[in-house]
Amino acid sequence: MRRKRSVGRMVFRVLLGTVIGVTLLATLAATTSIWYVNRTLPQTTGTLTIKGLHSRVSVVRDTWGVPHITGDDVHDLSFAEGYVTAQDRLFQMEFNRRIAQGRLAEMFGAGENNSILDTDILLRTLDLYGAARFEEANLDARTLEMLTAYSDGVNAFLDSHQNNLPLEFTVLGITPLPWTPLDSLAYGRVVALSLDNTWSDKYTRAMIDDKAGTDLTAALFPQYPATNPTLFVSRDTAAPLGESGGSSKPATRDPVEKTQALSPNLLRGTAYLRELLGNVRDALGSNDWVVDGTHTVTGKPLLANDPHLGIRMPSVWYEVALRGGGLDAIGFTFPGEPGIVIGHNDYIAWGVTNVDADNSDLYIETLDPVNHPGQYLYDRSWEQMDSRQQVIHIRGGGSKTITINSTIHGPIINSGLDDLKKYSPVALKWTALQQTYSFRGFFQLDFARNWSEFLDALSNISISQNFVYADVYGNIGYRMSGVLPIRSAENGLLPVAGMTSTHEWEGYVAQNEMPTLYNPNTHLIATANNQIVPNDYPVYVTNDWDCGYRARRIVNLLTGKSKLSIADMEAIQADVYSIPASLLVPALIQAGQAAGGDAAQAAGLLKNWDFTMTRSSTAAAVYEVAAGTLFRESVEPKLGKDLYAIFQSNSTSSCRFTTLINRLSNPQPLFANAQSRDAAIGKALADTMRTLRAQFGKDTSRWQWGALHTAHFKHPLASVQPLDRIFDIAPVARPGDSTTVNVGGSGAFSSDPADYAQHAVPSMRQIIDLSNFDNSLWVTTTGESGQPFSAHYSDLVPLWDQNRYQAMRFTASAVAKDNQELLILLPGK
């Protein structure tokens, strides 16, 4: 079965025939020598004298290469964090920076079908650096100090390693420029871009509504299941465990907007970007939960978190501990960002999941290039567009100059795509592009010592996340961070007319009005991107919730025991029971048995299954292939192949199961064809058997879900032979799917041939014990180092894959017991 083209494969085709081919041969020859291997690896023992430090800093690395940094002040901690992160992840930082800048074509060329160029066009149109400059100009003194010191530490490493940079720089023939605070702030907006999907969802809804009508659109973007949980029933009141808050409204559309011609190219730039960053729609979001001491064996809270992000090599996260200058914290950060993003300090712990808040709107603008060139219509007046030119350089020679126009709402997304003569101009208004957008609260979090200071920090975090909280005093809590626009209800699901002020934002929800819980009478809080607030809640958040099966399973497991331990938290994070399978499989069996033949054999393989998506399960493979096949055969003929592919990339995977559950409750024909429900199921099951035979042969014992469903942590250069021998690591067989707690999102619903590889993963896991921080556990996906010759390049993959953990040593005495390497940094002149 053919997989979708990977990023690496596209890069490989671009690199062939360029000067990189010569560089590859030279580099490969060099890598045969021990000298070349060793020169790219960082110094992790001994003493280094570095200009810029105030005083002595120690860096203890543990068994897994995690740096535990101790210094006298925050400046030196940040400086040392920048230095050691550059030691381990410099190329990843450069790669991330070029994403933010829209400079990928400089490294890799235009890409197959201009995919890389299209991504650069989108990123240049958004101008993430321009947005970050507003935040940089308004930073508080401590945050600016941390960002500046971090950048100085990165640059200290760069200055001393110009002749022995990581291998990727040699292969690509590039030299990194000095790191700046602006680079860190701009990358924060890349993270936001990877998590904020509502604008592309709205455009996809509109395209489907245009082609197939409102009824099919409503079916493909289903209402939140009434059986799945919400967190609130009213302001500041937790829902009884397992209670639902209702569902979202179907799409409605203004007739003025219905007449507009929607560009099929507008989302083109997002496709390659999602290959780079991962498509969280494959397994939207994350899991986090916290339980207070009345339900734990220790009498103090336990907090767990596993964010689901795109599969990356190296890991998207960097593990680090910081001690000194009033800071004592450990956890995960993004390479390029100082401090700790998720983790704990000596007083509080926190975890996050994505809200997928509705923080963007699309405006269909009105232009008249003949009579009003360079202008747009707004409230019966022709206003001047802002215009800027960008030159995109393309590896191998050549460049492309684009003109980007903006209105009062924001950049016209398709202004750089050369299709405005045929299609309507669409402007994007997104919170991350506004002048007040900020990430500085993440830097404040590390210093928070109680609930009040925690809330103060979250008030300065503009990205919408579900934060769970616990402290050493026994308190637990929840707060939604972010900025939620206040605007017309018509903005909620589809693009709106830009020619009128009717759809303008009227400000943001006040921070003290954001959904908040503190020590709820449920004694536990769990979120998994599910619907947080009921439909009648006074604050509008979004219509695009995950459909809640993971949340339902987590709540069921947490309430299944009176006293919970760390081992229970581990078991929940490893759980692969599929609630949708328990609802769908009986109908599949019944229809398959009635159809006979191959369909009946498939039904037999599903019979007596316990609905767990384990690696070795044949039933799990049959179920997942059958569900995707049934959905595709029912929907794709109605949308057409191109629009169906757009829908797959811009809709929530778990909600496709909801669509099937809703439709299979009715024996009427499914969507596109005149077949009855049972006939459609019978055909899908028969096709499933043919698919699996073609892949694995006739022996059904070989039809294991893990053989079909693998996670491949593939470096962007790993498909470039012979560098695959250096950068690549073998795929691992994986359990789960997009609806299980141990998430395993794939492209099971994609166009034939479907792609069952895992694209979204639990990007890290943490379990924090507030009774004794040294009992806490953590793990990330690959390893601490991005250097392929390092012992820590992929040493964490087996732990992560088998749901095992690193010890999250926190106190100085615990860290000393695992002191594998000690590096002393001394201030130089």
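Keep in mind the model is a prediction, meaning the values are calculated, not measured.

**Some words on the overall build of the chain**
Link 1 in the chain: Helix and strand counts for the chain come out as 28 helices and 32 strands.
Link 2 in the chain: Taken over C-alpha atoms, the radius of gyration comes to 26 Å for the chain, in line with the 28 Å a tight globule of 829 residues would show.
Link 3 in the chain: With respect to the three principal axes, the spread of C-alpha positions in the chain is 80 × 70 × 60 Å.
Link 4 in the chain: Among the 829 residues that make up the chain, the fraction classed as buried is 65%.
Link 5 in the chain: Put simply, 72% of the contacts in the chain that link residues at least 6 apart link residues at least 24 apart.
Link 6 in the chain: When the accessible area of the chain is evaluated, it comes to approximately 27,700 Å², of which 50% is carbon and sulfur surface.
Link 7 in the chain: Charge-centre separation for the chain: the mean point of 68 positive side chains lies 6 Å from the mean point of 83 negative side chains.

**As for the pattern of salt bridges**
Link 1 in the chain: Under the criterion given, the structure shown has 28 salt bridges.
Link 2 in the chain: Put simply, Lys683 and Asp687 hold a salt bridge, and the shortest N to O gap is 2.8 Å. With Lys683 and Asp687 both in helix α24 (residues 677–696), this residue pair falls 4 residues apart, about one helical turn.
Link 3 in the chain: Assessed through its relative accessible area of 39%, Lys683 is described here as partly exposed.

**Considerations on the confidence of the model for the chain**
Link 1 in the chain: Of the residues in the chain, 90% have a pLDDT of 70 or more, and the chain-wide mean is 89.
Link 2 in the chain: Throughout residues 245–253 the model reports pLDDT below 50, and contacts reaching past four residues in sequence, or to other chains, amount to 33 contacts.

**Points about the packing of helix α7 (residues 128–136) against helix α10 (residues 181–195)**
Link 1 in the chain: Contact pair α7 / α10: the axes reach a minimum separation of 8 Å and the direction vectors enclose 120°. Our classification of the angle between α7 and α10 gives oblique. The chirality of how α7 crosses α10 is right-handed. Side by side, α7 and α10 meet where Leu128, Tyr129, Ala131, Ala132, Arg133, Glu135 and Glu136 of the first sit next to Pro181, Leu182, Asp183, Leu185, Ala186, Arg189 and Val190 of the second.

**A few points about the packing of aromatic side chains**
Link 1 in the chain: Using the criterion set out here, one finds 31 aromatic pairs in the structure.
Link 2 in the chain: Here the aromatic rings of Tyr577 and Phe611 are separated by 6.3 Å at their centres, their planes lie at 80°, and the arrangement is edge-to-face. Of this pair, Tyr577 sits in the loop between α18 (566–573) and α19 (579–595) while Phe611 sits in the loop between α20 (597–606) and α21 (618–639); the two residues are 34 residues apart in sequence, bridging distant segments of the chain.
Link 3 in the chain: Exposure remark for Phe611: the relative accessible area of 17% places this residue in the buried category.

**Concerning helix α4 (residues 74–101)**
Three or four residues apart is the spacing at which side chains of an α-helix point the same way, because the helix has 3.6 residues per turn.
Link 1 in the chain: Taking 1.5 Å per residue, 28 residues should reach 40 Å; α4 reaches only 29 Å between its end C-alpha atoms and comes up short.
Link 2 in the chain: Where α4 bends most, at Arg89, the angle is about 90°.
Link 3 in the chain: Within α4, 27 of the 28 residues are buried, leaving the element largely enclosed by the surrounding structure.
Link 4 in the chain: Two residues or fewer after α4 comes Gly102, characterised by a positive phi angle close to 70°.

**Brief notes about the state of the cysteines**
Note on terminology: disulfide describes a covalent bond linking the sulfur atoms of two cysteines.
Link 1 in the chain: The tally for this structure, following the rule as stated, stands at 1 disulfide.
Link 2 in the chain: Paired through a disulfide, Cys547 and Cys655 show a sulfur-sulfur distance of 2.1 Å. Its torsion about the S-S bond being 110°, the disulfide of Cys547 and Cys655 is classed as right-handed. Of this pair, Cys547 sits in the loop between β23 (524–527) and α17 (549–558) while Cys655 is found in helix α23 (residues 653–664), placing the two residues 108 residues apart along the sequence.
Link 3 in the chain: Overall, the relative accessible area of 7% leaves Cys655 in the buried class.

**Details of the sheet that holds strand β1 (residues 46–51)**
Link 1 in the chain: One open sheet accounts for 11 strands, arranged β1-β32-β2-β3-β8-β9-β10-β11-β19-β20-β22; its pairing is mixed. Strands with a single pairing partner mark the edges of an open sheet, and in this sheet they are β1 and β22 (516–518). Strand-to-strand twist in this sheet, taken as the mean axis angle between neighbours without regard to direction, amounts to 15°.
Link 2 in the chain: The sheet contact formed by strand β2 (residues 57–61) and strand β32 (residues 821–828) spans 5 bridges and is antiparallel. Residue pairing for β32: Val59 is matched across the bridge by Leu823.
Link 3 in the chain: In this fold α4 packs onto β1, β2, β3 (67–70), β8 (318–324), β9 (327–333) and β32, with an angle of close to 155° to the strand it touches most, β8.

**Some thoughts on helix α22 (residues 641–649)**
Link 1 in the chain: Within α22, burial applies to Leu643, Tyr644, Ile646, Phe647 and Gln648.
Link 2 in the chain: Buried residues along α22 sit in contact with α11 (198–212), α12 (214–220), α21 and α23.

Thresholds applied
Residues numbered from 1 in each chain as written. Predicted model: local features only at pLDDT ≥ 70, side-chain atom pairs only at ≥ 80, totals over all residues. Heavy atoms only, no water. Helix = DSSP H or I, 4+ residues; strand = E, 2+ residues; numbered from the N terminus. Rg over C-alpha atoms; globule rule 2.2 N^0.38 Å. Buried < 20%, exposed > 50% of the residue type's maximum accessible area, 1.4 Å probe, protein only. Contact = heavy atoms within 4.5 Å. Areas by Shrake-Rupley, 256 points an atom, 1.4 Å probe, with all protein chains shown as cover. Lys, Arg positive; Asp, Glu negative; His and termini not counted. Charge placed at Lys NZ, Arg CZ, Asp CG, Glu CD. Salt bridge = Lys/Arg side-chain N within 4 Å of Asp/Glu carboxyl O. pLDDT = per-residue confidence, 0-100. Axes fitted to C-alpha atoms, helices over the stretch in contact; angles between N-to-C directions. Parallel < 35°, antiparallel > 145°, perpendicular 65-115°, else oblique. Left-handed = near helix turned anticlockwise from the far one by under 90°. Phe/Tyr/Trp six-rings, centres within 6.5 Å; stacked < 30°, edge-to-face > 60°. Expected span 1.5 Å × (residues − 1). Bend = angle between axes of the 7 residues up to and from the residue. Disulfide = S-S within 2.5 Å. Pairing = 2+ DSSP bridges.

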